[in-house]
Amino acid sequence: MNRQSGFTLIELVMVIVILGILAAMAVPKFVDLSSSAEAAAARGMSGAVKSAHAIAIADLKTFPTVTQLATYVNAQGVTAAPGGIQVDINGRTCTIPTYTDANCSSGNQTTATGNTVQCVGTLTSMASCT
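Please read all numbers here as calculations on a predicted model, not as lab measurements.

**Some thoughts on the environment of Glu11**
Then, number 1: The residue Glu11 is located in helix α1 (residues 9–60) in this model.
Then, number 2: Each C-alpha atom of the pair Glu11 and Thr93 lies 52 Å from the other, and the pair is 82 residues apart in sequence.
Then, number 3: Here the side chain of Glu11 touches Thr8 through a polar contact of 2.9 Å, landing on its backbone nitrogen.

Now the structure itself:
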């Protein structure tokens, strides 16, 4: 008797279908990871600017200007801007807001690079970045 070993066509089709279902479930998770990574980068850069603000206050013994604060941020592509500190995140320019009061009130955002920074806001999403 001639016994052949191997997989039948039905078995191979079932394996391909199962792999397709697993791939369809995994793809949305990977797509969501990129937006989560950008949001984490935005929060991380906001934290870096807040840390630089604390270091600048300790070093200067007064509140820094927007221009001075930009020099304390240890990252590439950081510049002072009238509304805050401009940073480059994944090829997009984002502005982390700075304020002239200690409460980060929206009406007291810095309007010039020479304004004194008493509070640093948080960049919560990449939607405002260009």
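Let's pick the thread back up.
**Observations regarding the pairing of strand β2 (residues 84–89)**
Then, number 1: Pairing of strand β1 (residues 79–81) with β2 involves three bridges; the strand directions are antiparallel. Its bridge partner lying in β2, Ala81 is registered against Gly84.
Then, number 2: Count of turn residues in the β1/β2 antiparallel hairpin: two residues.
Then, number 3: Relative to strand β3 (residues 92–99), β2 is paired through six bridges, and the arrangement is antiparallel. Along β3, the bridge assignment pairs Asp88 with Thr93.
Then, number 4: Hairpin connection of β2 to β3: two residues between the antiparallel strands, including Asn90 at a positive phi of 55°.

**What about the sheet that holds strand β4 (residues 119–120)?**
Pairing between the strands of a sheet comes from backbone hydrogen bonds, and it takes one of two forms, parallel or antiparallel.
Then, number 1: The strand order β1-β2-β3-β4 describes an open sheet built from four strands, whose pairing is antiparallel. Two strands lie at the open edges of the sheet, namely β1 and β4, each paired on one side alone.

Reading guide: rules and limits
Residues numbered from 1 in each chain as written. Predicted model: local features only at pLDDT ≥ 70, side-chain atom pairs only at ≥ 80, totals over all residues. Heavy atoms only, no water. Helix = DSSP H or I, 4+ residues; strand = E, 2+ residues; numbered from the N terminus. Polar contact = N/O pair within 3.5 Å; in protein donor to acceptor, adjacent residues only side chain to side chain. Pairing = 2+ DSSP bridges.

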